[in-house]
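# Summary of structural features
The residues making up each chain are set out below.
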Amino acid sequence: MAKALVVVESPAKAKTINKYLGKNYTVIASMGHVRDLPKSKLGVDIEDGFEPSYEVIASRKKVLKELKDAAKGADEIFIATDPDREGEAIGWHIAEEFGTASRKKIRRLMFNEITKKGVLAALEHPTQINRQMVDAQQARRVLDRLVGYKISPILWDKVRRGLSAGRVQSVALKLVCDREREIDKFVPEEYWNITARLATAVPPEFEAKLLKRGGSNIKVTTQAESEAVLADLKEAAWHVGTVLTRERKKGAVPPFITSKLQQAARFPVKKTMMIAQQLYEGVELPGEGAVGLITYMRTDSTRVSEQALEDVRGYIGTRFGPDFVPEKPNVYKTKADAQDAHEAIRPT
């Protein structure tokens, strides 16, 4: 019988981690949340500090029983759900279902990368479930429920049945409506841009935009004005006043945070995050089995771990030569309001 139980969220992640830990560990996937607010009622006691009332999700009863049975025979229990608020809450719900007898054996594992090095390093430094992160998730879930269950019926009555209000969507919709009203108030003004395409004895041709007339800024607001200006320009003598040459330095772009990854991917956000989740949890590679290929994909930090920097600088020096390794690695400023809980998204 295994000496330790490791609880993760997805089967793909379980398969990858199980390969690294060996026979003394049983890795089981919870398949996401095991408890939630009831569907049939509000499930939040507004009179008693907005206390939530949870129940086991019907489709998770079987996997929860499997987890409880495995927990009884384990010397240690490691909660290795995703390292974010949602994952912390899932781990807390599972720990609550295990009961007080098993709770003393529970430790929290935080993986930023699902690689052998990352998994074994996490095992050396287990922590406890972070109740502040659990409370943050609970606050968000309660707000979802209050907004959804209290406002949606008003929409059904006043607008159309089937509509739903969301904690984020409702606010976003107000911002869009406010902006649309500002757009409606805007009074457009006619203006004309005048551009000349010029050529010299030496190519290439280039475009010049008309900005000044007689040393003063020019603003062309009607077609008649533009035709008058064009008539003058056809008779004008053209010459190059000055040529300015500048050298520009362009630095490497910062590593990916979640929002920048979503922009660069050019997929719908849902598809981007689904692919990133698969890459994080593990992809089957020929001869290697399931391997996690990127770090955790929900992050607002551009920080890269010291070990990763050391590894990549060593690889570049060996592969391309020392001239391609800068004296110091690039370090990018992280926004003041960033949580910085996880490093940037990078290949592992």
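Use the structure listed above.
To start, this report covers the structure provided alongside it. Here the structure is a predicted model, which means the values were calculated and not measured.

## Quick look at the overall build of the protein
For the protein, the helix and strand inventory stands at 11 helices and 14 strands. Relative to the globule expectation of 20 Å for 348 residues, the C-alpha radius of gyration of the protein, 30 Å, shows a markedly less compact shape. With the C-alpha coordinates of the protein rotated into their principal frame, the extents come out at 95 × 70 × 35 Å. Looking at the protein as a whole, 32% of its 348 residues qualify as buried.

## Examining the side chain of D82
With respect to the helices, strands and loops of the structure, D82 is situated in the loop between β7 (76-79) and α3 (85-98). For D82, a relative accessible area of 4% puts it in the buried group. Aside from chain neighbours lying at most four places away, what touches D82 is E9, K13, G87, E88, R108, Q277, Y280, Y296 and R298.

## Comments concerning the pattern of salt bridges
The full count for this structure, using the stated rule, is 22 salt bridges. D36 is paired through a salt bridge with R141; the nearest N and O atoms lie 2.9 Å apart. Remark: R141 occurs in helix α6 (residues 131-158) and D36 occurs in strand β3 (residues 35-36); sequence separation between them is 105 residues. One salt bridge in this structure joins R298 and D84, with 3.9 Å as the shortest N-O distance. With R298 in the loop between β14 (289-291) and α11 (306-320) and D84 in the loop between β7 and α3, the pair connects residues that are 214 residues apart, well separated along the chain.

## Topic: the nonpolar core
Counting 26 residues, the largest nonpolar core has V8, I17, F111 and M297 as its most contacted members. Elements with a minimum of two residues in this core: β1 (4-8), α1 (11-21), β2 (25-29), α5 (116-124) and α10 (269-281). In terms of residues, this core owes the most to one element, α1, which gives four residues. Discounting chain neighbours no more than four positions away, the residues touching V8 are K13, A14, I17, V27, I28, A29, S30, A80 and T81.

## Brief notes about a nonpolar patch on the surface
On the surface, a cluster of nonpolar side chains totalling about 290 Å² of accessible area is made up of F206, V240 and V243. By the element assignment, F206 lies in strand β10 (residues 206-209). Taking the relative accessible area as the measure of exposure, F206 reaches 33% and is therefore partly exposed.

## Observations regarding the packing of aromatic side chains
Summed over the entire model, instances satisfying the criterion amount to three aromatic pairs. Plain terms: the ring middles of Y280 and Y296 are 5.1 Å apart, the flat faces sit at 70 degrees to each other, and that makes the pair edge-to-face. In this pair, Y280 is assigned in helix α10 and Y296 in the loop between β14 and α11, connecting sequence segments 16 residues apart. Each member of the pair, Y280 together with Y296, is buried. Judged by centre distance (6.3 Å) and plane angle (55 degrees), the rings of F320 and F324 are tilted. Residue F320 is classed as partly exposed on the basis of its relative accessible area of 48%. In this structure F324 comes out as exposed when scored by relative accessible area, which is 57%. When the ring centre of Y149 is taken as reference, the NZ or CZ atom of R145 above it lies at 4.1 Å.

So, how was this worked out
In this convention, every chain numbers its residues from 1, walking through the sequence in written order. Where local features are concerned, this predicted model is filtered to residues with pLDDT of at least 70; where side-chain atom pairs are given and counted, the filter is 80 or more; whole-chain, interface and lining totals use all residues. Each side-chain value is derived from all of the structure's non-hydrogen atoms; neither hydrogens nor water enter the calculation. For the purposes of this entry, the term helix denotes a DSSP run of H or I that reaches at least four residues, the term strand denotes a run of E that reaches at least two, and both are numbered from the N terminus. As a reference, a globule follows 2.2 Å times the number of residues to the power 0.38, and the radius of gyration itself is taken over C-alpha atoms. For the exposure calls, accessible area comes from a 1.4 Å probe over protein chains only, and a residue counts as buried if that area is under 20% of its type's maximum, exposed if over 50%, partly exposed in between. Residues are treated as being in contact if the distance between any of their heavy atoms lies within 4.5 Å. Note on definitions: salt bridges are taken to be side-chain nitrogens of Lys or Arg within 4 Å of carboxyl oxygens of Asp or Glu. We call a set of buried Ala, Val, Leu, Ile, Met, Phe, Trp, Tyr and Cys residues a nonpolar core when their side-chain atoms join them within 4.5 Å. Here a patch means residues that are over 30% exposed by relative accessible area and free of salt bridges, tied together within 9 Å if like-charged and within 5 Å if nonpolar (Val, Leu, Ile, Met, Phe, Trp, Tyr). Note on areas: Shrake-Rupley with a 1.4 Å probe; residue coverage comes only from the protein chains shown. Paired rings are identified among Phe, Tyr and Trp, the last through its six-membered ring, by centres lying within 6.5 Å, and are further divided according to the angle between planes into stacked (under 30 degrees), edge-to-face (over 60) and tilted (the rest). The criterion is that NZ of a Lys, or CZ of an Arg, lies within 6 Å of the ring centre and within 35 degrees of the ring normal, and then a charge sits over that ring.

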